[in-house]
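# Geometric and topological summary
Below are the chains, spelled out letter by letter.
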Amino acid sequence: MYRKRKKTIVLSGINLFEGGPLSIYYDCLDTVVMSGTYKENRVIAFVHKKELFKKYEKFVTLIELPKSRKNYLYRLYYEYVYFYQISCRHHADIWFSLHDITPKVKADKIFTYCHNPGPFIKKDLTKIKYGWRVTAFSFFYRYLYRINMKSADALIVQQDWMRRQFQKMYPAERVIVARPDMPEGFRFTDRSKENRVPVFVYASFPRYFKNFEVILQACEILEKKGINSFEVWLTINGKENRYSSELRKRYRNLDTVRFTGLLPREKLFHVYEISDYLIFPSKVETWGLPVSEYKETGKPVILADLPYAHEALGDYEQAVFFDPSDSFRLSSIMEKIIHRKAVFARHKSQEPEAPYADSWHSLLQMLTGG
């Protein structure tokens, strides 16, 4: 009886070790397992540390490359030398790079998942004091993406605005928009009615492009007008880095702001439950996960009027957008909310044009031809 040859699928994400980027790798592997892809194919996963991927070791072949994060020279060696040698010795039907770099490999199909928005961050050298690495890598990634890009059968991004930017900036002929899967099991209880005053929340790690200052400036404007019947909770405490330290010192006298520090997921969801409104003023995002998470509460959102925010929000009943550089506009929106005036409207979105995958399952089917 004829047996269909198993395809060899290689996943490489040797720089993924924490946060959102690591969750992308987990989402991919979860789909490999739940869809049964591992049964029909031989799946090899290159990882930084095996201990981060223990739950997948029964389903895929894990290969650990611990030096991959030691410095970028090791990373580039693996991507352009080591992987090429491996691919010459072992045939790969599909090579799927999950972290921005299109490796030099021999494979029937090569795909690259691009989720670093560095090239699209507006360059501001005055912000270099807040972390030269972020500024340097925003320049570096502009050229890193380009290396070997023509070898990829397709690039994969999370939003349509990023696809348009790639096609404008690079010779990228086929770019797939693939929406991330939203975590299941959200069971929010609305506890916001317990609040004495309206509570606004902004959850993010303090990078300069996350734009915490526009919220703090808006609070300062309101307090100077004698309006202080509200609270803003920010997930920074001034100890994370120079950016948050300067913000805490500059705005330490604001009575309406609570600096909570970074919160574990369970506590963050509790904050979502007891808050009234989300403010999300970040100036660039690949997706904007807090927007998707907060949507599950059904509560109103105040978002930066930027393409990523419109796409991440999708169809929603209560939203208002503002110029993320305009603290006076934000303070005006907050003032109207505090005085119980209408500011929110329904938001509608359009589905991206093909090629488009609305989930990891759809994406893997598209890549594997399943």
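Structure's up top.
Residues numbered from 1 in each chain as written. Predicted model: local features only at pLDDT ≥ 70, side-chain atom pairs only at ≥ 80, totals over all residues. Heavy atoms only, no water.

### Some points on the overall build of the protein
Across its full length, the protein carries 12 helices and 15 strands. The C-alpha atoms of the protein give 22 Å as radius of gyration, which agrees with the globular expectation for 370 residues (21 Å, within 12%). Seen through its principal axes, the protein has C-alpha atoms that stretch 80 × 45 × 40 Å. For the protein, with 370 residues in total, the buried portion stands at 53%. Taking the intrachain contacts of the protein between residues at least 6 apart in sequence as the baseline, contacts between residues at least 24 apart amount to 65%. For the protein, the accessible area works out to roughly 18,600 Å², and carbon and sulfur atoms hold 49% of it. Here the protein holds 59 positive side-chain charges and 42 negative ones, and the gap between their average locations is 5 Å. (Helix = DSSP H or I, 4+ residues; strand = E, 2+ residues; numbered from the N terminus. Rg over C-alpha atoms; globule rule 2.2 N^0.38 Å. Buried < 20%, exposed > 50% of the residue type's maximum accessible area, 1.4 Å probe, protein only. Contact = heavy atoms within 4.5 Å. Areas by Shrake-Rupley, 256 points an atom, 1.4 Å probe, with all protein chains shown as cover. Lys, Arg positive; Asp, Glu negative; His and termini not counted. Charge placed at Lys NZ, Arg CZ, Asp CG, Glu CD.)

### Notes on the side chain of Thr286
Among the secondary structure elements, Thr286 is positioned in the loop between β11 (277-280) and α9 (289-295). Residues contacting Thr286, with those up to four places away along its chain left out, are Cys114, His115, Pro117, Gln158, Gln159, Trp161 and Met162.

### Description of the pattern of salt bridges
When their charged atoms lie close together, side chains carrying opposite charge are able to pair. Per the stated rule, a full pass over the model turns up 14 salt bridges. The structure contains a network of salt bridges with shared partners spanning Asp160, Arg163 and Arg164. (Salt bridge = Lys/Arg side-chain N within 4 Å of Asp/Glu carboxyl O.)

### So, the sheet that holds strand β14 (residues 345-347)
Ordered in space as β10-β9-β8-β11-β12-β13-β14, the seven strands form an open sheet in which the pairing is mixed. Single-partner strands in this sheet number two, and they are β10 (257-259) and β14. Taking the axes of each pair of neighbouring strands and ignoring which way they run, one obtains an average angle of 35 degrees across the sheet. Sheet topology places strand β13 (residues 316-322) next to β14; two bridges connect them, and they run antiparallel. Bridge pairing in β14 links Ala319 to Ala345. Of the strands in this sheet, β8 (199-202), β9 (231-234), β10, β11 and β13 are in contact with helix α6 (residues 212-224), which crosses β9 at around 160 degrees. (Pairing = 2+ DSSP bridges. Axes fitted to C-alpha atoms, helices over the stretch in contact; angles between N-to-C directions.)

### As for unusual backbone geometry
A cis geometry characterises the amide bond from Ala354 onward to Pro355, with omega recorded as 0 degrees. Among the structural elements, Pro355 can be located in the loop between β14 and β15 (356-357).

### Brief notes about the environment of Arg265
Mapped onto the fold, Arg265 is located in helix α8 (residues 265-274). In this structure, the C-alpha to C-alpha distance between Arg265 and Lys106, residues 159 residues apart in sequence, is 40 Å. Separated by 3.1 Å, the side chains of Arg265 and Glu293 make a polar contact. (Polar contact = N/O pair within 3.5 Å; in protein donor to acceptor, adjacent residues only side chain to side chain.)

### Quick word on helix α11 (residues 327-338)
The end-to-end C-alpha separation of α11 is 16 Å, in line with the 16 Å expected for 12 residues at 1.5 Å each. For α11, the elements touching its buried residues are β8, α6, β9, β11, β12 (301-304) and β13. The backbone nitrogen of Phe328 has a side-chain oxygen 3.1 Å away, supplied by the residue at the start of α11, namely Asp326. Just downstream of α11 lies Arg340, where phi reads positive at about 60 degrees. (Expected span 1.5 Å × (residues − 1).)

### Here we look at empty space enclosed by the protein
Tallied over the entire structure, the rule returns one cavity of 30 Å³ or more. Breaking the lining of the largest cavity down by element, the ones donating at least two residues are β1 (7-12), β4 (94-97) and α12 (360-368). Looking at the lining of the largest cavity, the element that brings in the most residues is α12, giving three residues. Taken together, the residues of the lining of the largest cavity sort by class into eight nonpolar, two polar and no charged. (1 Å grid on protein atoms, 1.4 Å probe; cavity = no way out; pocket = protein on both sides within 12 Å on 5 of 7 lines; lining within 4 Å. Points joined across faces, edges and corners; volume = space filled by probe spheres on them. Nonpolar A, V, L, I, M, F, W, Y, C, P; charged D, E, K, R; others polar.)

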